[in-house]
Amino acid sequence: MKERTTSRRRWRIGDLAAATGLTVRTLHHYEHIGLLAPAARTEGHQRLYDEHDVRRLYRIRALRDLGLSLAEIGRMLEDDSAALGDVLRAHLARVDAELQRLGRLRALLDRACAQADRAVEPDDLLATIEAMSLVARRIDARGTNGRTPDDAESRWRALANELRACMEAGAAPSTPRVRAVARVALAWLRDFAGGDRATLDALARLRQVDPPQHLAGWDPELMRYLNQALACLHETEHEPC
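Since we're looking at a predicted model, the values are computed, not measured.

(A) Quick peek at the overall build of the protein. Helices and strands together make up the secondary structure of the protein, namely 10 helices and three strands. When the helices and strands of the protein are listed from N to C terminus, the series reads β-α-α-β-β-α-α-α-α-α-α-α-α. Relative to its full complement of 241 residues, the protein shows a buried share of 33%. Counting contacts in the protein only where the partners sit at least 6 residues apart, residues at least 24 apart contribute 60% of the total. Accessible area of the protein: about 14800 Å², with a carbon and sulfur share of 54%.

Put into structure tokens, the structure is as follows:
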């Protein structure tokens, strides 16, 4: 039989699979794509792996556990000049992006579960989930739009403080000062929606059925006051809200 090294220890494919927690089928696949070849074969053509193969396989498993693709692992193992740090940093960026996506998904599911617990009609619940999804997709597509998240939050917080002062002073939603604040809020909502009517409708639905609890100074009571002011804008100035 043809041997690659003079190492005495040899593993048959079943033994190697059992020792590493992989399947024989997986090892066959690694061989098929050129990722791991046996050091030798017996006269009966059974695969034999040596210590070099075992070390290589454990490297493959370690990199695979980090989430790298088999193609990336193959390039790294074959090219000694490959910058491991650059590959790992690029993969870290992908993982961070996925974590952010999952975080947004979890927040969406959490809100959807809260809605489901309120014994609402299924059609209403589905409409609310659709609105949440639409707004979430708009946030993803829009990004920061040239502003940092802190900038956007400070703008909305300042507007909330101004509107709350009106509310606590007992000003009717139809008064000029309150309508002026509502007009600014409406302009920002339209800017966020990019003029898309469906997004504006989704925002309006969420203000009604799923208002923020503590978001940049806004709470359900203040959001109801804003909705009343927006309704006054619609009635007096025919502004679509």
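What follows picks up the thread again.
(B) The arrangement of the sheet that holds strand 3 (residues 47-49) in detail. With antiparallel pairing, three strands are arranged side by side in an open sheet as 1-3-2. In this open sheet, the two strands that pair with only one neighbour each are strand 1 (11-12) and strand 2 (40-41).

(C) Representation of unusual backbone geometry. Even without glycine at this site, His45 takes up a positive phi of about 70 degrees. In this structure, His45 sits in the loop between strand 2 and strand 3. Using a relative accessible area of 60% as the deciding quantity, one classes His45 as exposed. Its identity as a non-glycine residue notwithstanding, Ala216 has a phi of 55 degrees, on the positive side. Along the chain, the position of Ala216 falls in the loop between helix 9 (197-209) and helix 10 (220-237). For Ala216, a relative accessible area of 9% gives the class buried.

(D) Summary view of the packing of aromatic side chains. A full pass over the atoms with the stated rule returns two aromatic pairs. Ring geometry for Trp156 against Trp188: centres 5.1 Å apart, planes inclined by 75 degrees, an arrangement best described as edge-to-face. In this pair, Trp156 is assigned in helix 7 (residues 149-168) and Trp188 in helix 8 (residues 176-193), connecting sequence segments 32 residues apart. Accessibility expressed as a relative area gives 22% for Trp188, which makes it partly exposed. Aromatic rings pair up to connect Trp156, Trp188 and Trp218 into one cluster. Taking NZ or CZ as reference, Arg155 lies 4.1 Å from the ring centre of Trp188, over its face.

(E) Local environment of the packing of helix 5 (residues 84-116) against helix 6 (residues 122-142). Contact geometry for helix 5 and helix 6: axes closest at 10 Å, N-to-C directions at 160 degrees. By the criterion of interaxial angle, the relationship of helix 5 to helix 6 is roughly antiparallel. Helix-helix and strand crossings are classified by hand; for helix 5 and helix 6 the assignment is right-handed. Only Leu125, Thr128, Ile129, Met132, Ser133 and Asp140 of helix 6 make contact with helix 5, whose side of the interface consists of Arg104, Leu108, Arg111, Ala112, Gln115 and Ala116. Looking at the contact of helix 5 with helix 6 residue by residue, the classes come out as six nonpolar, three polar and three charged.

(F) Focus on the side chain of Thr128. Here Thr128 shows up in helix 6. Setting aside chain neighbours within four positions, we find Thr128 in contact with Gln115, Arg205, Leu206 and Val209.

The rules behind these values
- Residues numbered from 1 in each chain as written.
- Predicted model: local features only at pLDDT ≥ 70, side-chain atom pairs only at ≥ 80, totals over all residues.
- Heavy atoms only, no water.
- Helix = DSSP H or I, 4+ residues; strand = E, 2+ residues; numbered from the N terminus.
- Buried < 20%, exposed > 50% of the residue type's maximum accessible area, 1.4 Å probe, protein only.
- Contact = heavy atoms within 4.5 Å.
- Areas by Shrake-Rupley, 256 points an atom, 1.4 Å probe, with all protein chains shown as cover.
- Pairing = 2+ DSSP bridges.
- Phe/Tyr/Trp six-rings, centres within 6.5 Å; stacked < 30°, edge-to-face > 60°.
- Lys NZ or Arg CZ within 6 Å of the ring centre and 35° of its normal.
- Axes fitted to C-alpha atoms, helices over the stretch in contact; angles between N-to-C directions.
- Parallel < 35°, antiparallel > 145°, perpendicular 65-115°, else oblique.
- Left-handed = near helix turned anticlockwise from the far one by under 90°.
- Nonpolar A, V, L, I, M, F, W, Y, C, P; charged D, E, K, R; others polar.

From the geometry alone we can't say anything about function, so treat these as descriptive.
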